[in-house]
Amino acid sequence: MPAPLMDTYSPPDLVFTHGEGAYLFDDKGGKHLDFIAGIAVNSLGHAHPKAVAALKAQADKLWHLSNMFRIPGQVELAKKYCDATFAERVFFTNSGTEAIECALKTARRYHFSNGRPDRYRIISFTGAFHGRSYGAINAGGNPKYLEGFGPRMEGFDQVEFGDLEAVKTAITEETAAIIIEPVQGEGGLRAASDAFLRGLRALCDEHGLLLIYDEVQSGAGRTGRLFAHEWSGAAPDIMAVAKGVGGGFPMGACLATEAAGKVMVVGTHGTTFGGNPLAMAVGNAVFDELTAPGFMDRVVEVGNFLGQQLHGLADAHAGLVQEVRGRGLLLGLKLDESKIANRDFAALARARGLLIGAAGDNVARLAPPLIITENHAREAVEKLDAALHAVTQKA
Ligand SMILES: *Cc1c(COP(=O)(O)O)cnc(C)c1O
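What counts as what
Residues numbered from 1 in each chain as written. Predicted model: local features only at pLDDT ≥ 70, side-chain atom pairs only at ≥ 80, totals over all residues. Heavy atoms only, no water. Near = heavy atom within 4 Å. Polar contact = N/O pair within 3.5 Å; in protein donor to acceptor, adjacent residues only side chain to side chain. Areas by Shrake-Rupley, 256 points an atom, 1.4 Å probe, with all protein chains shown as cover. Helix = DSSP H or I, 4+ residues; strand = E, 2+ residues; numbered from the N terminus. Contact = heavy atoms within 4.5 Å. Buried < 20%, exposed > 50% of the residue type's maximum accessible area, 1.4 Å probe, protein only. Pairing = 2+ DSSP bridges. Domains from an automatic or database assignment. Buried area = accessible area lost by both parts, 1.4 Å probe. Salt bridge = Lys/Arg side-chain N within 4 Å of Asp/Glu carboxyl O.

J.: Give me the lowdown on the site of the ligand, citing residues and values where you can.
T.: Close to the ligand lie Ser95, Gly96, Thr97, Phe129, His130, Gly131, Glu181, Asp214, Val216, Gln217 and Lys243, which account for all nearby residues. Thr97 is positioned with one of its side-chain polar atoms (N or O) 2.5 Å from an oxygen atom of the ligand. Contact between the ligand and Asp214: a nitrogen atom at 2.7 Å from a side-chain N or O atom of the residue. Against a free-state accessible area of 380 Å², the protein chains account for coverage of 82% of the ligand.

Below you can see the structure in the form of structure tokens.
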């Protein structure tokens, strides 16, 4: 990327001009099937008529107030999320990282308010990703993201993803909370088992800890439930959401039970932009679509279909594709790194008109819009098949 931008990204030489549904169009007339959707963000695809209409209508009325004043769209959307989930309190943010910051602060403040300020340590998991703020990189614990940014922050303990015994051992008198992604995105599309989430819930109940879910990527219908943890039946005390809940408009939220949420009183936390009228207009429209009758059933169906097709690909390219991972429409192909790097594989797919992402552990990441049909899935699988053949032919 040429200056004056910071070199934090290295995008390919492509410029998109517009999108429609599951497709993006570039300035040279190229058409691309979008199976990454702004990294699991464009849940309704591009230019969804209802989301566009909601944004346009609000744009004519009022853009921004700050939280100095009441924003009716916040109350409306918070009520919808509370009715649909475990939550009883909501704080709106601009991003996933900010939702995580609110979640971590709420967990510590809960113990502080209950006379236990000594309980501040947070247990997180290997392969975790919680965002890029200081709190989030320390919770995530990825050495690559921590390097060069000063001493590690005190108060985070990391244990092996999926290892309940290790969690038990890590719990001390000072532990405040456990934070986990029900399906790890960045870390390589690893899904926690339902039994593991239920085990964490039981441990939290036993020790008086708060369970925090990071559903920034796995939520908003991505796995065929409004939130991925619903498959397990193990509810959290606090949950961070973002990405897909705004359908492409930057927004997130920290959801909490009454017991956890009520400790965040006037003066404890804030945001200038979070929950602004534009975000709330789109957030409400996206929520209404995600929860419309039959929407989630279709996500489950097309997710199952795509998953089966990917298993077929893995069989056909055994050795190159080592594993199919994930859940619903958050899926990954773990590739043999001695044969191809996931980023190079994404470039091969892109050259064939398919946009996909990369994740940790050399996994190619698929997170298409939730509105895709089986035909889109078939088209993607054909292009993936062609890209896999290209790898084999080069070798
Ligand atoms: C993307 C992501 C974040 C960070 O969200 P931003 O909006 O980029 O700040 C946090 N947690 C998970 C699981 C994510 O996928």
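J.: Quick rundown of the environment of Leu320? Include the residues and the values.
T.: Turning to its location among the elements, Leu320 is positioned in the loop between α11 (295-316) and β11 (321-327). Taking the C-alpha atoms as reference points, Leu320 and Leu335, separated by 15 residues in sequence, lie 5.6 Å from one another. Ignoring anything within four residues of it in the chain, the contact list for Leu320 reads Lys334, Leu335, Asp336, Lys339, Ile340, Leu388, Val391 and Thr392.

J.: Give me the side chain of Thr93: which residues, what numbers.
T.: Inspection of the secondary structure puts Thr93 in strand β4 (residues 89-93). Taking the relative accessible area as the measure of exposure, Thr93 reaches 2% and is therefore buried. Of note is the side chain of Thr93, whose polar atom sits 2.9 Å from the backbone oxygen of Ser95. If sequence neighbours within four positions are ignored, Thr93 has contacts with Glu98, Ala99, Met251, Gly252, Ala253, Gly274 and Gly275.

J.: Can you lay out the sheet that holds strand β3 (residues 31-34) for me, pointing to particular residues and giving the numbers?
T.: As summarised here, the arrangement of the four strands in space is β1-β2-β3-β13, forming an open sheet in which the pairing is mixed. Each edge of the open sheet is held by one strand with a lone partner, namely β1 (16-20) and β13 (354-355). Relative to strand β2 (residues 23-26), β1 is paired through four bridges, and the arrangement is antiparallel. From the neighbouring strand, His18 faces β2, where its bridge partner is Phe25.

J.: An account of the domain arrangement of the protein chain is needed here, citing residue identities and associated values.
T.: By domain assignment, the protein chain separates into domain 1 (16-34 + 294-394) and domain 2 (50-290). For domain 1 versus domain 2, the distance between C-alpha centres works out to 27 Å. At the junction of the two partners, domain 1 supplies 21 residues and domain 2 supplies 20 residues. Here domain 1 and domain 2 share an interface that buries about 1700 Å² over both sides, 60% of which is from carbon and sulfur atoms. For the domain 1 face of the interface with domain 2, the top three residues by lost area are Met296, Arg327 and Leu330, together amounting to 41%. For the pair domain 1 and domain 2, the number of links is two salt bridges.

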